[in-house]
Amino acid sequence: MKLILLGAPGSGKGTQAAYITEKYNLPHVSTGDLFRENIKNETPLGLKVKEVMDTGNLCPDDLTVELVKDRLSKADCEKGYLLDGFPRNLYQAGELDEFNAPDKVINLVVDLGKIEHRITGRRSCPKCGASFHVDFIGNVSNCPDCGEALTIRKDDNPETVKERLSVYKAQTEPLIDYYGKQGKILNVNGDQPIDKVFEDIVKVLGQ
Ligand SMILES: [Zn+2]
């Protein structure tokens, strides 16, 4: 079974990816991991990626496609794959269709406003490492556990979160359309408890 998993940052995509790959015994192919592994192992592609990233640029489509193509040609992907973080745009999706088209695309449907609220309400304690949500602790400025001043992680900054979610939306909508026309989109309500989301994924996959 060849699957793509689409889900916004903060949608619980990572957890579902782990469940899916375990249940269906599929390799989890994430572009984030691919970049890291290839750079670490200094593969020819990895060296190219590193060169681009060292200049502060994003990895170009062609190079990303090459990395994924290379990974999907490995023996463990013969029975299928779960792609995570790829494709990101219509060009990448078109390329993937050329060399190893997916059977199904799981789309975790979540309310982006809720995700934004969940992420931007997080407060963390630099001293004891605890993290809280303002919904539960209220608007306090010190750690309820140890009294240290609470901080907002850089990634949880409202502007950053808004930007990340809007980039996700802009990138993903055309993909949902693209795979929808191919009859491959499986929508799953991601605004549910983790186990229920997974139950629904298994149900829509029908096996
Ligand atoms: Zn603390």
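Residues numbered from 1 in each chain as written. Predicted model: local features only at pLDDT ≥ 70, side-chain atom pairs only at ≥ 80, totals over all residues. Heavy atoms only, no water.

1. Considering the pattern of salt bridges
Across all of its chains, the model carries 12 salt bridges by this definition. The salt bridge involving D70 is made with K74; its shortest N-O contact spans 3.6 Å. Assessed through its relative accessible area of 40%, K74 is described here as partly exposed. A salt bridge links D156 to R153; the shortest N-O distance between them is 3.4 Å. Its relative accessible area of 43% is what places R153 among the partly exposed residues. (Salt bridge = Lys/Arg side-chain N within 4 Å of Asp/Glu carboxyl O. Buried < 20%, exposed > 50% of the residue type's maximum accessible area, 1.4 Å probe, protein only.)

2. Overview of the layout of surface pockets
A volume near 890 Å³ is recorded for the largest pocket. Taken together, 33 residues line the largest pocket, and the ones lying closest to its centre are T31, G85, R88, Y168 and Q171. Secondary structure elements with two or more residues in the lining of the largest pocket: β1 (2-6), α1 (13-24), α2 (31-40), α4 (61-72) and α8 (158-181). By residue number, the principal contributor to the lining of the largest pocket is α8, which donates six residues. A class-by-class count of the residues in the lining of the largest pocket yields 13 nonpolar, 14 polar and six charged. (1 Å grid on protein atoms, 1.4 Å probe; cavity = no way out; pocket = protein on both sides within 12 Å on 5 of 7 lines; lining within 4 Å. Points joined across faces, edges and corners; volume = space filled by probe spheres on them. Helix = DSSP H or I, 4+ residues; strand = E, 2+ residues; numbered from the N terminus. Nonpolar A, V, L, I, M, F, W, Y, C, P; charged D, E, K, R; others polar.)

3. Describing the state of the cysteines
This model, assessed by the stated rule, comprises zero disulfides. Residue C77 stays outside any disulfide, its sulfur separated by 18 Å from that of C59, the closest cysteine. With a relative accessible area of 4%, C77 lands in the buried category. (Disulfide = S-S within 2.5 Å.)

4. Here we look at the coordination of the zinc ion
Ideal geometry at a metal centre gives angles of 109.5 degrees when four donors are arranged tetrahedrally and 90 or 180 degrees when six donors are arranged octahedrally. Binding of the zinc ion to the protein goes through C125 (SG), C128 (SG), C143 (SG) and C146 (SG), at separations of 2.3 Å. Written as a sequence motif, the donor arrangement for the zinc ion is C-x2-C-x14-C-x2-C. Taken together, the residues C128 in the loop between β5 (122-124) and β6 (131-133) and C143 in the loop between α7 (134-137) and α8 connect sequence positions 15 residues apart. Taking the relative accessible area as the measure of exposure, C128 reaches 42% and is therefore partly exposed. Judged by its relative accessible area of 4%, C143 falls in the buried class. (Donors = N, O, S within 2.8 Å, 3.2 Å for Na, K, Ca; no water.)

5. Considering the sheet that holds β1
One open sheet accounts for five strands, arranged β2-β3-β1-β4-β7; its pairing is parallel. The open sheet has two edge strands with one neighbour each: β2 (28-30) and β7 (185-189). Put simply, the sheet's adjacent strands are angled 25° from each other on average, direction ignored. Here β2 pairs with strand β3 (residues 81-84) via three bridges, running parallel. Paired with S30 across the bridge in β3 is D84. Where α8 meets the sheet, it contacts β1, β4 (104-109) and β7, and its direction lies at approximately 145° from that of β1. Lying over the sheet, helix α9 (residues 194-205) contacts β1, β4 and β7, oriented at roughly 155° with respect to β7. (Pairing = 2+ DSSP bridges. Axes fitted to C-alpha atoms, helices over the stretch in contact; angles between N-to-C directions. Contact = heavy atoms within 4.5 Å.)

6. Things to note about the packing of aromatic side chains
Here the distance between the centres and the angle between the planes together describe a pair of aromatic rings. The full count for this structure, using the stated rule, is two aromatic pairs. Between the aromatic rings of Y19 and F198, the centroid separation amounts to 5.2 Å while the plane-to-plane angle is 65°, which identifies the pairing as edge-to-face. Here Y19 is found in helix α1, whereas its partner F198 is found in helix α9, with 179 residues between them in sequence. By relative accessible area, which is 30% here, Y19 ends up partly exposed. Taking 5.0 Å as the distance between ring centres and 80° as the angle between the ring planes, the aromatic pair formed by Y178 and Y179 counts as edge-to-face. (Phe/Tyr/Trp six-rings, centres within 6.5 Å; stacked < 30°, edge-to-face > 60°.)

Everything listed here is a matter of coordinates, which is why it stays silent on function.
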